[in-house]
Amino acid sequence: MKIITVILLSFFLGKSCSGQNKNDIKATIIEYTANTRGFYKKISVQNQMISVSKNRNEVEMPAGRKISDTDWKELINCFETVKLENLATLKAPTEKRFYDGAAIANLKISTKDTIYDSTSFDHGYPPEEINKLVKKLISISEKKY
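Computed from a prediction, not measured in an experiment: that's the story for all the values here.

Chemist: Quick question: what am I supposed to make of the overall build of the chain here?
Modeler: Each helix and strand counted, the chain has three helices and seven strands in total. When the elements of the chain are put in sequence order from the N terminus, they spell out α-β-β-β-β-α-β-β-β-α. Across the 145 residues of the chain, 33% fall into the buried class. Taking the intrachain contacts of the chain between residues at least 6 apart in sequence as the baseline, contacts between residues at least 24 apart amount to 56%. Working note: accessible area of the chain is about 9,500 Å², and carbon and sulfur atoms make up 54% of it.

Take a look at the structure:
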C-alpha cells in the first residue's frame, strides 16, 4: 500500500512541477516599446489580441485585433524559449541607440505574479535570447488582418 501511495504521489508531483516550468502565455502581457525623439511604437499582446500604438501620449492602448491561429502558435513557441528570470541581464548586441542610430527598445513581460523588464537594446537588433520573440511581435504588428 505504501509503495502505491509513493508511486502515485511521485506521479502527481512530477506532473504539477513540469507544468510550472513552461511560460504561461495566456496569463501574460507582452509589451514591446521602441522610441526616439521622433518615433514611438508600442506593441502589446495579451491572450491572442494585439494592440499597436504610435502615439506616446495615449493613456490607453487602442482597440486590439485578433492574432491568427498560425501566428499565435508561432508566438507561443518563441515565448516558451525565453527565460524570463534572465531578461534583465541580457546584453544588447549593438549600441546604435547611444548616438541616435536606432530607436531605444525594451521588452516587458508581465505575468500574474511578476514583471520582467529587459535591458534597453536597439530597435531591430534585440539580444539573441529574445530575438525570435521580438521579430515575431514586430512582424505580427505590421500585418493587416
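Chemist: Teacher, can you tell me more about helix H2 (residues 69–80) here?
Modeler: Residues spaced three or four apart along an α-helix point in a common direction, a consequence of the helix completing one turn every 3.6 residues. Here H2 spans 16 Å end to end across 12 residues, near enough to the 16 Å set by a 1.5 Å rise per residue. Regarding H2, the residues found buried are Asp71, Trp72, Leu75, Cys78 and Phe79. Buried residues in H2, looked at end-on, bunch into an arc of 125°, giving them a common side. In H2, the exposed positions that point more than 90 degrees away from the buried face belong to Thr70 and Lys73. In the core, the buried residues of H2 are packed alongside strand S1 (29–35), strand S2 (40–46), strand S5 (104–110) and helix H3 (131–142).

Chemist: I tried to follow H3 on my own but got confused; where do I start?
Modeler: Compared with the 16 Å implied by 1.5 Å per residue over 12 residues, the 17 Å span of H3 between its first and last C-alpha is a close match. When we look at burial in H3, the residues that qualify are Leu133, Val134, Lys136, Leu137, Ile138, Ile140 and Ser141.

Chemist: What am I meant to see in the side chain of Ser110 here?
Modeler: Among the secondary structure elements, Ser110 is positioned in strand S5. Excluding residues that lie within four positions of it along the chain, Ser110 makes contacts with Ala27, Thr28, Ile29 and Ile115.

Chemist: So what exactly am I meant to see when it comes to the packing of aromatic side chains here?
Modeler: For any pair of aromatic rings, the description rests on two quantities: the centre-to-centre distance and the angle between the ring planes. Per the counting criterion, the structure on display carries one aromatic pair. Both rings, one in Tyr32 and one in Phe121, keep their centres 6.2 Å apart while their planes meet at 40°; by these two values the pair is tilted. One end of the pair, Tyr32, is in strand S1; the other, Phe121, is in strand S7 (residues 121–122), and 89 residues separate them in sequence. The burial state of Tyr32 is the same as that of Phe121; both residues are buried. Between the NZ or CZ atom of Arg97 and the centre of the ring of Phe98, over which it lies, the distance is 4.6 Å.

Chemist: When you look at the pattern of salt bridges in this model, what are you seeing that I'm missing?
Modeler: Note on pairing: side chains with opposite charge can pair once their charged atoms come close. In this structure the tally under the stated criterion is nine salt bridges. Ionic pairing is found between Glu31 and Lys42, a salt bridge with its closest N-O pair at 3.9 Å. Of this pair, Glu31 sits in strand S1 while Lys42 sits in strand S2; the two residues are 11 residues apart in sequence, bridging distant segments of the chain. Look at Glu31 and you get buried, because its relative accessible area is 17%. In this structure, Lys136 engages Glu74 in a salt bridge whose closest nitrogen and oxygen atoms are separated by 2.4 Å. With a gap of 62 residues between them, Lys136 in helix H3 and Glu74 in helix H2 connect regions that are remote in the sequence. Residue Glu74 is classed as partly exposed on the basis of its relative accessible area, which comes to 35%. Counted as one network, the salt bridges with shared partners bring together Asp71, Glu74, Lys136 and Lys143.

Analysis parameters
- Residues numbered from 1 in each chain as written.
- Predicted model: local features only at pLDDT ≥ 70, side-chain atom pairs only at ≥ 80, totals over all residues.
- Heavy atoms only, no water.
- Helix = DSSP H or I, 4+ residues; strand = E, 2+ residues; numbered from the N terminus.
- Buried < 20%, exposed > 50% of the residue type's maximum accessible area, 1.4 Å probe, protein only.
- Contact = heavy atoms within 4.5 Å.
- Areas by Shrake-Rupley, 256 points an atom, 1.4 Å probe, with all protein chains shown as cover.
- Expected span 1.5 Å × (residues − 1).
- Arc of directions from axis to C-beta.
- Phe/Tyr/Trp six-rings, centres within 6.5 Å; stacked < 30°, edge-to-face > 60°.
- Lys NZ or Arg CZ within 6 Å of the ring centre and 35° of its normal.
- Salt bridge = Lys/Arg side-chain N within 4 Å of Asp/Glu carboxyl O.

On their own, these measurements won't tell you what the molecule is for.
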